[in-house]
Structures are given as C-alpha cells and as structure tokens.
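Geometric and topological summary
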Amino acid sequence: MGNGTSIGRVRGLGSSHHGTGHFLSSRLTAVGNLVLIPFLMVSLLLMPSHDYATVHAWAAKPLPATALILIMINTFYHARLGIQVMLEDYVHEDGGKIAAWLFINFVPFAGAAFGIVSVVRIALGGA
Amino acid sequence: MAQAPGKRPLSPHLEIWRWGPAMLVSILHRITGNGLAFVGLAMLLWWISAIAGGPESYQTFLDWVWLAPNGGLQVATALLGKVVLVGLTWAFFQHMATGIRHFVLDVGAGYELEANARWSSLTILFSVAATSVFWAFVLLR
Ligand code: HEM
Ligand code: HEM
C-alpha cells in the first residue's frame, strides 16, 4: 500500500468484486436449506422410533441418503459463506484474518467430506 | 481496520439506538445462523458418524445426548443434550423465518416502519410456536 499521495493511501481498500457472487450463493443455498432441513426434521419426526435399526435403515434408503449428502454439500457451504460474513465483521487484525481465512477454507470442507463418507458407508454397507 | 490514516466518514448515530423488533431479529439471525453452523452441524456430524460406526457407537451417542442410563456425568450431558436439541430446533425456525424475511427485503419490500416491525415480531411468534408444536409432536406421540 502506498504511503505518499492521497490516492496511494486508498488504493486496494475498495471492493474485491466478489460480493455479488457471495450474496447470490448464500441465497441459493438458503433455498436449498429451505427444502433439505425440513425434510430431515419431518423424517425424524415421523420415525416410529429412534433406535439404531430404524435410523440406520432410514438413512440407507436412496432418497434420505441423497438428501443427507446434499445437506453435507449445500448446508455446509451456506454455513461457510455465513461464517465468513460474521468473521469479516468482527476480525480486523492481519493475523486473525489469516487464521479466519484458513478456518473457513478448510474446516467446512473437512466436515462435509466426513459427513459424506459417513452417509456413503451407511448407504453402501460396511458397519 | 483499513489502514487509511486520518478521518474517514463515520455514521453519526452509532451510539444512538433503541431496541425494536427489526434490530432484535437482525442480531437473532446472526446468532441463530452461527449457532446452527457451529453447534448444529457438529451435532449432525456426530449423529451421522455414530450411525455409520454401528450399533454400539450409536448407542453411545444416544446415552450421552439423551438417555443417560449410566448416571454420573451422563446425567449432566443428557440434560445439556436436550437443551441443545430444543435450542437448535428453535434456532432453525427463527433463522428460517428471518431468512425468508431477508428474501422479502432483498426485493425491496417490507421497509415501511410498521410492516417491518410487524413481520419482525411475527418471525419470533412463528419460531416459538413451531418449536412448541415440533416438540409436542415428538413427546406426545
Ligand atoms: C430455511 C433455511 C435457511 C434460510 C432460508 C436461510 C437464509 C439465510 C440468509 C438469507 C442469510 C443471509 C443473511 C444476510 O445476508 O445478512 C443467511 C445467513 C446465514 N445462515 Fe442461513 N438460512 C437457512 C438455514 C441455515 C442453516 C441450517 C444454517 C447452519 C447450519 C445457516 C447458517 C447461516 C449463517 C452462519 C449465516 C450468517 C449469519 C450472519 O452472521 O450474518 N442457515 N441465512
Ligand atoms: C446494538 C446495535 C446493533 C447491532 C447488534 C447490530 C447488528 C447487526 C448485524 C448482526 C447485522 C448483519 C445481519 C443482517 O444483515 O441482518 C447488521 C447489519 C447492518 N447494520 Fe447493524 N447493528 C446495530 C446497530 C446499527 C446501527 C446503529 C446502524 C446504522 C447507523 C446499523 C446499520 C446496519 C446496516 C446498514 C447493516 C447492513 C449491512 C449489510 O447489508 O452489509 N446497525 N447489524
């Protein structure tokens, strides 16, 4: 960043031109959540019991397994976008920004991958 | 913050505000969204991986979060588990309602003072009612 002229002091402080894409993705994934999360909640509500056999058999069926994997992708991405907005509002030091940047780019994807592996294991046998 | 030295324009009213329905649901949207993200998704992963791990690991999940058959520390965690699960359903319904409110505001509607306050209050009414109905259904059937 420049330190001399007025223009040099403000260059680079403006928009990074990623805002619109971020905004639209958060709306798109919000619509996804609007379908997926009620599906999960109503399914849990209508189960005759919540013992292992019932829950496992439900999650192994194609439609629930697909919905669960979509949740791992869509909802984790929605949360990742939202957490980024929250961190941008509250983290202002360079070190914190780097930590926040590492966090939002690794943890949600790791969590989603772990969730998908779990659903695949349920759906395709294994345990 | 940005490193530009000297004075940049600031809102003159940052310390002049009072509670109202709109600002309450604005901060609730943030709190519930981040609560769902950090607590809700962690619970979701614990639950789904416990199922993937087989009957024993799923039983461990149930014991710690809800049943507490062994007494001791589990009594505390199972109580906490119930508070967290009810809290998450409320957080979801609140965040869903304020999320839909965002969609309305996004198209430029609903900014009239009265309408804005009314719909903000209604999101809270909705989330409390939906949470009650949900858990009544779980516990009474
Ligand atoms: C019906 C479902 C949902 C709808 C309609 C919805 C809608 C939205 C919208 C429109 C925003 C953007 C608000 C803004 O731009 O200020 C948002 C933010 C957010 N959402 Fe959701 N959402 C839903 C479900 C979820 C779920 C299930 C999670 C987490 C697991 C979540 C986590 C977040 C987070 C962390 C934010 C950022 C809040 C902030 O700090 O400002 N949302 N949501
Ligand atoms: C205790 C007081 C306040 C709290 C807790 C608060 C909290 C928040 C939060 C959490 C958001 C983001 C969530 C959302 O978009 O719905 C937000 C957005 C916003 N707030 Fe506040 N706020 C406060 C006071 C103010 C004041 C006094 C002003 C103006 C003078 C203001 C102007 C705004 C604006 C313009 C946005 C939208 C920003 C954007 O869309 O990126 N807020 N506020």
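As the structure is a computational prediction, the values presented were derived from the model and not from experiment.

**Re helix H3 (residues 73-106) of chain B**
Look at H3(B): 47 Å from first C-alpha to last across 34 residues, which is about the 50 Å you get at 1.5 Å a residue. Immediately downstream of H3(B), the backbone of Gly108(B) shows phi near 90°, a positive value.

**A few points about the UniProt feature "transmembrane region" (unreviewed entry) in chain A**
All names here are of chain A. Mapped onto this structure's residue numbering, the UniProt feature "transmembrane region" (unreviewed entry) falls at residues 28-46, 58-78 and 98-124. Between the first and last C-alpha atoms of residues 28-46 the distance is 28 Å; the span itself is 100% helix and 0% strand. Annotated as residues 58-78, this span is 95% helix and 0% strand, and its ends, taken at the C-alpha atoms, are 25 Å apart.

**Details of the side chain of Asn33(A)**
All names here are of chain A. Among the structural elements, Asn33 can be located in helix H2 (residues 19-46). On the basis of relative accessible area, Asn33 is assigned to the buried category, the value being 10%. A polar contact of 2.7 Å, which involves the side chain of Asn33, links it to the side chain of Thr75. With residues near it in sequence (within four places) discarded, Asn33 still touches Pro38, Asn74, Thr75 and His78.

**Some words on the packing of helix H4 (residues 62-90) of chain A against helix H5 (residues 94-123) of chain A**
The angle between the axes and the distance between the axes are what describe a pair of packed helices. One can describe the packing of H4(A) onto H5(A) by two numbers: an axis separation of 9 Å at closest approach and a directional angle of 170°. The angle between H4(A) and H5(A) falls in the class roughly antiparallel.

**Re the coordination of the iron atom of ligand 1**
The protein atoms that coordinate the iron atom of ligand 1 are His78(A) (NE2) and His95(B) (NE2), at distances of 2.0 Å. The coordination sphere of the iron atom of ligand 1 comprises six donor atoms, whose angles at the metal cover 87 to 179°; the geometry is octahedral. Of this pair, His78(A) sits in helix H4 while His95(B) is found in helix H3, placing the two residues in two different chains. His95(B) matches His78(A) in its accessibility class, with the two residues each being buried.

**Some details on the UniProt feature "transmembrane region" (unreviewed entry) in chain B**
Residues and elements named next belong to chain B. The UniProt entry lists residues 31-52, 72-93 and 122-140 under the feature "transmembrane region" (unreviewed entry), expressed in the numbering used here. Regarding residues 31-52, the helix share stands at 100% and the strand share at 0%, and the terminal C-alpha atoms are separated by 30 Å. Helix makes up 95% of residues 72-93 and strand 0%, whereas the separation of the span's terminal C-alpha atoms amounts to 33 Å.

**Examining the interface of chain A and chain B**
At the interface, 45 residues of chain A touch 35 residues of chain B. Here chain A packs against chain B, burying approximately 3,300 Å² in sum over the two surfaces, 77% of which is carbon and sulfur. Our count for the chain A to chain B interface comes out at two salt bridges. In this structure, the salt-bridge partner of Arg30(B) is Asp89(A), at a minimum N-O distance of 2.8 Å. Here chain A and chain B share seven residue pairs in polar contact (both at pLDDT 80 or more) between them. Listed by contribution, the elements that provide at least two residues to the side of chain A that touches chain B are H2, helix H3 (52-60), H4 and H5 of chain A. When grouped by side-chain class, the residues that make up the side of chain A that touches chain B number 31 nonpolar, eight polar and six charged.

**Some details on helix H4 (residues 113-140) of chain B**
Look at H4(B): 41 Å from first C-alpha to last across 28 residues, which is about the 40 Å you get at 1.5 Å a residue. Looking at H4(B), one finds that the buried residues are Ala115(B), Asn116(B), Ser120(B), Thr123(B), Ser127(B), Ala130(B), Thr131(B), Phe134(B) and Trp135(B).

Thresholds applied
Residues numbered from 1 in each chain as written. Chains lettered and ligands numbered in written order. Predicted model: local features only at pLDDT ≥ 70, side-chain atom pairs only at ≥ 80, totals over all residues. Heavy atoms only, no water. Helix = DSSP H or I, 4+ residues; strand = E, 2+ residues; numbered from the N terminus. Expected span 1.5 Å × (residues − 1). UniProt positions renumbered as here; feature names shortened; annotations may be inferred. Buried < 20%, exposed > 50% of the residue type's maximum accessible area, 1.4 Å probe, protein only. Polar contact = N/O pair within 3.5 Å; in protein donor to acceptor, adjacent residues only side chain to side chain. Contact = heavy atoms within 4.5 Å. Axes fitted to C-alpha atoms, helices over the stretch in contact; angles between N-to-C directions. Parallel < 35°, antiparallel > 145°, perpendicular 65-115°, else oblique. Donors = N, O, S within 2.8 Å, 3.2 Å for Na, K, Ca; no water. Tetrahedral: all angles 85-135°; square planar, octahedral: opposite > 155°, others 65-115°. Buried area = accessible area lost by both parts, 1.4 Å probe. Salt bridge = Lys/Arg side-chain N within 4 Å of Asp/Glu carboxyl O. Nonpolar A, V, L, I, M, F, W, Y, C, P; charged D, E, K, R; others polar.

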